[in-house]
Amino acid sequence: MPDKTSAHAGGIAAPGIWLPCPKGENMVFRTPKAEDGPTIARLIASCPPLDCNSIYCNLLQCTHFAGTCILAEHTNGIVGWISGYRPPQEPDSMFVWQVAVHESARGQSLGQRLLNELFQLPGVRDAQRLITTVTPSNIASRKMFEGFANDHGATLQARPHFNSDVHFGGAHESEELISIEPLGASGMPLDVKK
Ligand SMILES: CC(C)(COP(=O)(O)OP(=O)(O)OC[C@H]1O[C@@H](n2cnc3c(N)ncnc32)[C@H](O)[C@@H]1OP(=O)(O)O)[C@@H](O)C(=O)NCCC(=O)NCCS
C-alpha cells in the first residue's frame with residue numbers, strides 16, 4: 001500500500017511513496033529528461049491498466065522522443081505523464097501512446113490539461129489529428145479524449161484496431177483506434193479551455 005503521508009525532500013517521491021496533490025496547486029508542465037525515466041516508470045506502474053514498459057523504453061521516450069512527450073510536476077513530484085510520437089508514415093498525426101495521472105492528482109482535469117500542453121509543444125502543435133488506442137472498458141480515458149475533442153471543436157471517431165486474439169494472443173483486451181480531428185495546421189485554437 002503506498003504511503004501517501006510521508007514527507008519527502010527533493011521533489012521526487014521515493015519508490016512506492018506518493019504525496020497528496022492538492023487541488024489548485026501550481027503545476028509545472030515540461031518535456032522530460034533522461035533523469036525522469038525511473039520516476040515515470042514508477043508512475044506508469046502505479047496506474048493500471050497501463051502496460052509497464054522497460055525503463056529503457058521510458059529512457060528513449062525521455063530522450064529521442066522528449067519533444068513529443070510531456071509531464072506534470074508539482075512540489076512533491078511528477079504526477080502526470082503523456083508519451084507519444086509523430087508516426088513516420090503519418091507525419092501530420094500525433095500518436096498518444098500512454099497517459100498516466102497518479103490517483104492523488106485525478107479529478108482535476110489534469111489529463112486534459114496535459115493533452116492541451118502537449119499540443120502546444122513545437123514538435124506537436126502543427127499536428128492535424130490526434131490518434132491513440134483505447135480499450136472500450138476504459139471509461140475515464142475515453143471521457144478524457146472526448147473532453148479534449150470537445151474543447152477543440154473536433155470530431156472523435158473510434159474503430160476496431162488491435163484485436164485481443166489476433167494481435168495480443170488473448171493476453172490483452174482489444175484496443176480501438178481513436179482519431180480526433182481537425183486540430184488545424186496551426187495547432188490548438190486560442191480559446192481552448194485550460
Ligand atoms: C485516464 C486518466 C489519465 C484520466 O486522468 P484525469 O486527470 O482524471 O482525466 P480528466 O480529469 O482530464 O478527464 C477524465 C474524465 O473521465 C471522468 N472519469 C474519471 N474517472 C472515471 C471513472 N472511473 N468512470 C467514469 N468517468 C470517469 C472524469 O469525470 C472526466 O470527465 P469530465 O471531463 O466529463 O469531467 C487517469 O484516470 C489514469 O491515469 N488512469 C490510469 C491509466 C489509464 O487508463 N490511462 C489512459 C490509457 S492511455
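The coordinates are above.
This text gives an overview of the structure that appears in the document. Model, not experiment: these values are computed from the prediction.

1. Quick look at the overall build of the chain
Assigned secondary structure in the chain consists of five helices and seven strands. In the chain, the succession of helices and strands from N to C terminus is β-α-α-β-β-β-α-β-α-β-α-β. The buried share of the chain, taken over its 194 residues, is 32%. Contacts in the chain between residues far apart in sequence, at least 24 positions, make up 64% of those at least 6 positions apart.

2. Concerning helix α1 (residues 37–45)
Within the span of α1, buried status applies to Thr39, Ile40, Arg42 and Leu43. Mapping the buried residues of α1 onto a view down its axis gives an arc of 160°, with all of them on the same face. Looking at the buried side of α1, the elements it contacts are α2 (55–63), β2 (70–74), β3 (77–85) and β4 (93–101).

3. Focus on the site of the ligand
Every one of the 20 residues lining the ligand counts as a neighbour, but Gly111, Gln112, Ala140, Ser141 and Lys143 are closest to it. Per element, the largest residue contribution to the shell around the ligand is six residues, and it comes from helix α4 (residues 139–151). For the shell around the ligand, a count of residues per class yields 10 nonpolar, eight polar and two charged.

4. Structural notes on the pairing of β3
Here β3 lies mainly inside the structure; eight of its nine residues are buried. Pairing of β2 with β3, which is carried by five bridges, proceeds in the antiparallel orientation. Bridging across to β3, Ile70 finds its partner in Ile82. Here β2 hands over to β3 after two residues, the two strands then running antiparallel side by side. Bridge count between β3 and β4: six bridges; the pairing is antiparallel. Opposite Tyr85, over in β4, you have Phe95 as the bridge partner.

5. A short note on the sheet that holds strand β1 (residues 28–30)
Pairing in this open sheet of seven strands is mixed, and the strands run β1-β2-β3-β4-β5-β7-β6 from one edge to the other. Edge positions in the open sheet fall to β1 and β6 (155–162), since each of these has one partner strand only. Strand-to-strand twist across the sheet, computed as the mean angle between neighbouring axes with direction ignored, equals 25°. Across five bridges, the pairing between strand β5 (residues 129–134) and strand β7 (residues 175–181) is antiparallel. Paired with Thr133 across the two strands is Leu177, which belongs to β7.

6. Overview of helix α3 (residues 110–118)
The element α3 is extensively covered by neighbouring structure, given that seven of its nine residues are classed as buried. For α3, every residue scored as buried is listed here: Leu110, Gly111, Gln112, Leu114, Leu115, Glu117 and Leu118. Lining the buried residues of α3 we find β1, β2, β3, β4 and α4.

7. A word on the packing of α1 against α2
Direction vectors running N to C along α1 and α2 enclose 120°, while the axes themselves pass 9 Å from each other. One way to sum up the angle between α1 and α2 is to call them oblique. The two elements α1 and α2 meet at a crossing, and its hand is right-handed. Contacts between α1 and α2 involve Gly37, Pro38, Ile40 and Ala41 from the former and Ile55, Asn58, Leu59 and Cys62 from the latter.

8. Regarding the pairing of β7
Direction of pairing for β6 relative to β7: antiparallel, over a ladder of seven bridges. Bridge pairing in β7 places Ala158 opposite Ile178.

9. Re the packing of α3 against α4
Following both chains from N to C, one finds α3 and α4 inclined at 50°, their axes separated by 9 Å at the closest point. One finds that α3 runs oblique with respect to α4. Relative to α4, the crossing made by α3 is right-handed. On α4, the residues that touch Gly111, Gln112 and Leu115 of α3 are Met144, Gly147 and Phe148. Partitioned by chemical class, the residues of the contact of α3 with α4 number three nonpolar, three polar and no charged.

Parameters at a glance
Residues numbered from 1 in each chain as written. Predicted model: local features only at pLDDT ≥ 70, side-chain atom pairs only at ≥ 80, totals over all residues. Helix = DSSP H or I, 4+ residues; strand = E, 2+ residues; numbered from the N terminus. Buried ≥ 20, exposed ≤ 12 C-beta atoms within 10 Å, placed from the backbone. Contact = placed C-beta atoms within 7 Å. Arc of directions from axis to C-beta. Near = placed C-beta within 6 Å. Nonpolar A, V, L, I, M, F, W, Y, C, P; charged D, E, K, R; others polar. Pairing = 2+ DSSP bridges. Axes fitted to C-alpha atoms, helices over the stretch in contact; angles between N-to-C directions. Parallel < 35°, antiparallel > 145°, perpendicular 65-115°, else oblique. Left-handed = near helix turned anticlockwise from the far one by under 90°.

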